[in-house]
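# Summary of the model geometry
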Amino acid sequence: MKKRFLLMGAAVVLLAAAAAGGSLAAGQASGNAPVTAPLQAPNLTIAFNSDNGDTEEVDAVFDGVVMPGDEDVAVTDNYSVKNTGSVDSYIRVTVRKYWADKETGEKLEDLDAGKITLNPNAEGWLEAKSLAALFSDEDSDETQVFYCTSPVDAGTATAGLLESFDIAADLSNAYADKAIVLEAVAEGVQFAGADYNEVNAAGIKASWGVQVELDENGNIASVRQ
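Anyway, here's the lowdown on the structure attached to this text. In this text, all values refer to a predicted model and were calculated from it rather than measured experimentally. Starting afresh in each chain, residues are numbered from 1 along the sequence in its written order. This being a predicted model, a pLDDT of at least 70 is required before a residue's local features are given, and a value of 80 or more before pairs of side-chain atoms are given or counted; all residues contribute to the totals for chains, interfaces and linings. Side-chain calculation: all heavy atoms of the structure are included, whereas hydrogens and water are not.

## A look at the overall build of the protein chain
In terms of regular secondary structure, the protein chain is built from two helices and 16 strands. The buried label goes to any residue with under 20% of its type's maximum accessible area, the exposed label to any with over 50%, and the partly exposed label to all in between, with areas taken from a 1.4 Å probe on protein chains only. A total of 225 residues make up the protein chain; the buried ones form 46% of that total. The long-range share in the protein chain, meaning contacts at least 24 apart out of those at least 6 apart in sequence, stands at 74%. Areas reported here follow the Shrake-Rupley algorithm with a probe of radius 1.4 Å; residue values treat only the protein chains shown as occluding. Roughly 11,100 Å² of accessible area belongs to the protein chain as shown, and the carbon and sulfur atoms make up 47% of that amount. Secondary structure counts use DSSP, requiring at least four H or I residues in a row for a helix and at least two E residues in a row for a strand, with both numbered from the N terminus. Whether two residues are in contact is decided by their heavy atoms: any pair within 4.5 Å suffices.

## Some points on the pattern of salt bridges
The working definition used for a salt bridge is a side-chain nitrogen of Lys or Arg within 4 Å of a carboxyl oxygen of Asp or Glu. Under the counting rule described, the total for this entry stands at seven salt bridges. The shortest N-O distance in the salt bridge between Lys102 and Asp177 comes to 3.7 Å. A residue pair is termed long-range when its members are at least 10 positions apart, and Lys102 in the loop between strand 9 (89-101) and strand 10 (116-120) and Asp177 in the loop between strand 13 (162-167) and strand 14 (178-190) qualify at 75 residues. Classification of Lys102 as partly exposed rests on a relative accessible area of 35%. It is possible to trace a salt-bridge network through shared partners that takes in Arg96, Lys107, Glu109, Glu142 and Glu183.

## Overview of the side chain of Glu142
One can find Glu142 in the loop between helix 1 (131-135) and strand 12 (143-148). At a separation of 2.6 Å, a polar atom in the side chain of Glu142 contacts the side chain of Lys107. Any pair of nitrogen or oxygen atoms within 3.5 Å is treated as a polar contact; in protein, a donor-acceptor pairing is required on top of that, and neighbouring residues in sequence qualify only through side-chain atoms on both sides.

## Section: the environment of Lys82
Along the chain, the position of Lys82 falls in strand 8 (residues 79-83). The class for Lys82 is partly exposed, based on a relative accessible area of 22%. In this structure the C-alpha to C-alpha distance between Lys82 and Gly155, which are 73 residues apart in sequence, comes to 6.8 Å.

## Things to note about the side chain of Ser164
Relative to the elements of secondary structure, Ser164 occurs in strand 13. Since its relative accessible area comes to 4%, Ser164 is described here as buried. Sequence-distant contacts of Ser164, that is, excluding residues within four places in its chain, are made with Asp72, Val73, Ala74, Val75, Thr117, Leu118 and Asn119.

## A word on helix 2 (residues 197-208)
Working rule for helices: expected span equals 1.5 Å times residues minus one. The terminal C-alpha atoms of helix 2, which comprises twelve residues, lie 16 Å apart, in line with the 16 Å expected from a rise of 1.5 Å per residue. Every buried residue of helix 2 is accounted for by Val199, Asn200, Gly203, Ile204 and Trp208. One face of helix 2 carries all of its buried residues, which in axial projection span an arc of 130°. Facing away from the buried side of helix 2, by more than 90 degrees, are the exposed residues Glu198 and Ala206. Positive phi appears at Gly209, one or two residues downstream of helix 2, with a value of about 75°. Arc, as used here, means the arc of the directions from the helix axis to the C-beta atoms.

In short, shape yes, function no, at least from these values alone.
Quick look at the structure:
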């Protein structure tokens, strides 16, 4: 007898859109030699594409029916991060994902967050595991870490982070009629300017524990541990 899957009413909810301030663990370069000095940490706000202003909450980035094995399910609203500080900054976003009761929003500990895969917008974002995630005792399947590839000017916002999501094919009926909850935290590291990529890379490594390859404009080409 064929196993019957129930339809899943997956309301992908953006819960508690949190924003974290940033830091810079490197000095501003000046003249012919770098001069070490503290730099102003950027202020960041998580917003949505519908309104790149103050932080707001929306009911769902997707509200419909998905089935086991569905891929590239397009989202309707999206994360973006606005640099509300006075300095240009690199930005990364850590998204925590989990299954929850659709009515109460309570996290369901026995359901596997790894069955949900978030796909970033390739035009401006790349994914890489954080050093903390690699060595954490927590379930690393619950988090995905995304880096905005271009420094974000003060007063402007990133492109939308998410493009779509995938659902694993090997789900049981325990996942039927559940909600997917996403939580996001943004962090920033100050951009010292394209002429000072060594300073930029050092600041990113000291703050985020990752090594980056930067192009001539200071854009992030790759991220590695």
